[in-house]
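Overview (structure and organization)
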Amino acid sequence: MVDTRDIDREGDQGGEAGGSRTDAAGAKPDLAAVRAQIDGIDREIQALIAERALFARQVGRAKGRLAAAIDYYRPEREAQVLRRVVDRNQGPLSDAVLVRLFREIMSACLAQQEPLKVGYLGPEGTFSQQAMQKHFGHSAHGLPLASVEEVFEEVASGAADFGVVPVENSSQGTIQSTLDMFLTSPLMICGEVELRVHQYLMSRTGRIEDIERIYSHGLSLAQCKHWLRQHLPLAERLPVASNAEGARRARNADDAAAIAGETAGQVYGLKVVAGPIEDRNDNTTRFLVLGRAAFPPSGHDRTSLLVSIRDQPGALYRILEPLARHGISMDRIESRPAHGALWQYAFFIEVGGHADESPLKDALAEIDAFAGEVRVLGSYPVAVP
Ligand SMILES: O=C(O)C(=O)C[C@]1(C(=O)O)C=C[C@@H](O)C=C1
């Protein structure tokens, strides 16, 4: 093992920005010697990653002779591994950076069997693609699809193992059309991803004075409306199916621009005019991971429920009361018109805990007795940063 006792752990204090830092004693470290240390560590990291990959194969064998990658994927185990990474972290790298590295390692370990096929709202360059890669790593095989409906269809048919769809934005609220898909789809929710979303105004020429129309997803236009009012009040705003689709269209004319993530601009060869231009600097979108099966508890889970209530006094109270009495936290409740019955409502409810574990399990058993229908859409690990 490398002896780390002499490494300066004081971060950048007293050092030069980047490059070689002076050590605690003030002497400049010898570049070749430091690089030799790094080479040694890289050798060890590489050997350990290879060893880990061999153990992951053994885990595969321990699970039995399963048919496909989807049978090896264990979101609850991945969440536990990542939470331990966060718990152990003492810097200097951030939790998010370490989580990203370990996700990639697990993604590569899993792909030894065969890569997972994951559908997302395409085309290439969307925030949905970024969310997919954040959750499944770059070894997963992404399938860009034309609409959220198509993501549901491809997962339901088995053409995709999983799907990633946007469900909520911190400044714009719930994406109702995504939630409504669960009214008719049998799919389950088996994960959630949170992504910080930075919007850029991009065009072929890169000149703001050329812009007469702006393509983007309606939600992205809404996330930037103050900026647009201030800087481009006269430009026409044209909502399209996705930000990347907006970028694809904007590459065809000098007077067009797109609002999208930087990646979409790179994919379609656009220049950044301005950005980030989202009105709120904590702009975050939450995505759901869709699958066909339920997974066991990870220790820190959330559960999404779809409840149709009978048309009788106090029906909603009788659903919420057992949750409160069992001490279950409720993160969200949304009512939607139920399909097929005029003036009947379905409630999307998100609560803390896993449906197979007490106290949620007990509360659900009580609710079941009152509600017209209680469907557990899925219990899944709370998003790791
Ligand atoms: O622990 C398992 O079940 C594994 O298959 C190993 C592993 C990993 O690399 O840690 C890989 C894929 C699974 O999604 C979870 C974890």
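No experiment lies behind these values; they were computed from the predicted model shown. (Residues numbered from 1 in each chain as written. Predicted model: local features only at pLDDT ≥ 70, side-chain atom pairs only at ≥ 80, totals over all residues. Heavy atoms only, no water.)

1. What about the overall build of the chain?
Put simply, the test is: Strands are runs of DSSP state E lasting at least two residues, helices are runs of H or I lasting at least four, and both sets are numbered from the N terminus onward. Whether two residues touch is decided by their heavy atoms; if any such pair falls within 4.5 Å, the residues are in contact. Working definition of accessibility: Shrake-Rupley area with a 1.4 Å probe, residue cover restricted to the visible protein chains.
Within the chain one finds 12 helices and 15 strands. Taken along its principal axes, the extent of the C-alpha atoms in the chain is 80 × 60 × 40 Å. Taking the contacts inside the chain whose residues are at least 6 apart along the sequence as the reference set, 75% of them involve residues at least 24 apart. When the accessible surface of the chain is split by element, carbon and sulfur atoms take 52% of a total near 19,800 Å².

2. What to know about the packing of helix H1 (residues 31-62) against helix H3 (residues 95-111)
Selection criterion: Angles run from 0 to 180 degrees between N-to-C directions of axes, and those axes are lines fitted to C-alpha atoms, restricted for helices to the stretch in contact. Note that the term roughly parallel is reserved for angles under 35 degrees, roughly antiparallel for angles over 145, roughly perpendicular for angles of 65 to 115, and oblique for everything else. Rotating anticlockwise by less than a right angle from the far helix to the near helix defines a left-handed crossing, while the corresponding clockwise rotation defines a right-handed one.
The geometry of H1 relative to H3 is characterised by a closest axis approach of 9 Å and an angle of 50° between their N-to-C directions. Considering their axes alone, H1 and H3 lie oblique with respect to each other. The two elements H1 and H3 meet at a crossing, and its hand is right-handed. Each of Ile49, Arg52, Ala53 and Ala56 in H1 lies in contact with H3, whose residues at this interface are Ile105, Met106 and Cys109.

3. Concerning the packing of helix H5 (residues 148-157) against helix H6 (residues 176-184)
Note the cut-off: Ten residues, namely Ala, Val, Leu, Ile, Met, Phe, Trp, Tyr, Cys and Pro, are considered nonpolar, four, namely Asp, Glu, Lys and Arg, are considered charged, and the remaining ones, Gly among them, are considered polar.
Where H5 meets H6, the closest approach of the two axes is 10 Å, and the angle between their N-to-C directions is 35°. As H5 packs across H6, the resulting crossing turns out to be right-handed. Contacts between H5 and H6 involve Val148, Glu149 and Phe152 on the former and, on the latter, Thr178, Met181 and Phe182. Each residue belonging to the contact of H5 with H6 can be placed in one class, and the counts come to 4 nonpolar, 1 polar and 1 charged.

4. Digging into the domain arrangement of the chain
Note the cut-off: Boundaries of every domain are those given by an automatic assignment or by a domain database. The term buried area means the drop in 1.4 Å probe accessible area that two parts suffer when joined, counted for both and summed.
According to the domain assignment, the chain contains domain 1 (30-65), domain 2 (73-197 + 283-292), domain 3 (203-274) and domain 4 (296-381). Averaged C-alpha coordinates put domain 2 and domain 3 at centres separated by 26 Å. With 15 residues of domain 2 at the contact, the number on the domain 3 side is 14 residues. Here domain 2 and domain 3 share an interface that buries about 1,000 Å² over both sides, 61% of which is from carbon and sulfur atoms.

5. Let's talk about the sheet that holds strand E15 (residues 373-381)
Condition: At least two DSSP bridges between two strands are required for those strands to pair.
The 4 strands lie next to each other as E13-E14-E12-E15, forming an open sheet whose pairing is antiparallel. At either margin of the open sheet sits one strand with a lone partner, and together these are strand E13 (330-337) and E15. Within this sheet the neighbouring strands show an average axis-to-axis angle of 15°, counted without direction. As judged from the 8 bridges shared by strand E12 (residues 301-308) and E15, these two strands associate in the antiparallel manner. Looking at the pairing, Ser308 lines up with Glu373 of E15. Its contacts with the sheet place H6 against E12, E13, strand E14 (345-352) and E15, and it is angled at close to 75° to E13.

6. A few points about the sheet that holds strand E8 (residues 236-239)
Taken together, 5 strands build an open sheet; the order of strands is E8-E7-E9-E6-E10 and the sheet is mixed. Lying at the two open borders of the sheet, with one neighbouring strand each, are E8 and strand E10 (271-274). Taken pair by pair, the neighbouring strands of this sheet meet at an average axis angle of 35°, ignoring direction. Across 4 bridges, strand E6 (residues 200-203) lies against strand E9 (residues 256-260) in antiparallel orientation. Paired with Leu201 across the bridge in E9 is Ile259. Taken strand by strand, helix H9 (residues 243-250) contacts strand E7 (213-216) and E9, and its axis lies near 160° from that of E9.

7. Points about the site of the ligand
Heads up, the condition is: Near residues are defined by distance, with any heavy atom within 4 Å of the molecule or strand qualifying the residue. Residues adjacent in sequence count toward polar contacts only when both atoms are side-chain atoms; beyond that, a polar contact is any pair of N or O atoms within 3.5 Å, and within protein one must be able to donate a hydrogen and the other to accept it.
By nearness alone, every residue bordering the ligand is listed as Arg52, Val59, Lys63, Tyr72, Tyr73, Arg74, Arg77, Glu78, Met106, Cys109 and Leu110. Here an oxygen atom of the ligand sits 2.8 Å away from a polar atom, N or O, in the side chain of Arg52. The fraction of the free accessible surface of the ligand (360 Å²) that becomes covered by protein chains is 91%. Counting only elements with at least two residues in the shell around the ligand, the list comes to H1, helix H2 (75-88) and H3.

8. Re the nonpolar core
In plain terms, the rule: The term nonpolar core refers to a set of buried residues drawn from Ala, Val, Leu, Ile, Met, Phe, Trp, Tyr and Cys, joined through side-chain atoms within 4.5 Å. Relative accessibility decides the category of a residue: with a 1.4 Å probe and only protein chains considered, values under 20% of the type maximum give buried, values over 50% give exposed, and everything between is partly exposed.
Ranked by size, the top nonpolar core spans 22 residues in total, and within it Phe152, Val165, Phe182 and Leu290 carry the most contacts. The set of elements that each furnish at least two residues to this core consists of strand E2 (141-145), H5, strand E3 (162-169), H6, strand E11 (284-291), E14 and E15. Top contributing element to this core by residue count: H5, with 4 residues. When we break this core down by domain, the ones giving at least three residues each are domain 2 (73-197 + 283-292) and domain 4 (296-381). Those residues in contact with Leu290 that sit more than four places away from it in its chain are Val151, Phe152, Val155, Asp161, Phe162, Gly163, Val165, Phe182, Leu187, Met188 and Cys190. Listed in part, the 21 residues of the second largest apolar core include Leu110, Ala131, Ala140 and Val193.

9. Section: empty space enclosed by the protein
Using the following cut-off: The rule is simple: put a 1 Å grid over the protein atoms alone, call a set of points where a 1.4 Å probe fits but cannot get out a cavity, call an open set with protein on both sides within 12 Å along at least five of seven lines a pocket, and count a residue as lining if it has an atom within 4 Å of a point. Grid points are joined across faces, edges and corners, and a volume is the space filled by probe spheres set on the points.
The final tally for this structure, using the stated rule, is 4 cavities of 30 Å³ or more. Roughly 140 Å³ of volume is contained in the largest cavity. Considering the residues around the largest cavity, the lining is formed by 15 residues, among which Arg103, His135, Glu192, Ala383 and Val384 are closest to the centre. Those elements that provide at least two residues to the lining of the largest cavity are H2, helix H4 (127-136) and strand E5 (188-196). In this model, the second largest cavity occupies a volume close to 70 Å³. In terms of lining residues, the second largest cavity is bounded by Tyr73, Glu78, Arg103, Met106, Ser107, Leu110, Ala111, Leu116, His135, Phe136, Ser139 and Ala140. Those elements giving two or more residues to the lining of the second largest cavity turn out to be H3 and H4. It is H3 that contributes the most residues to the lining of the second largest cavity, 5 residues altogether.

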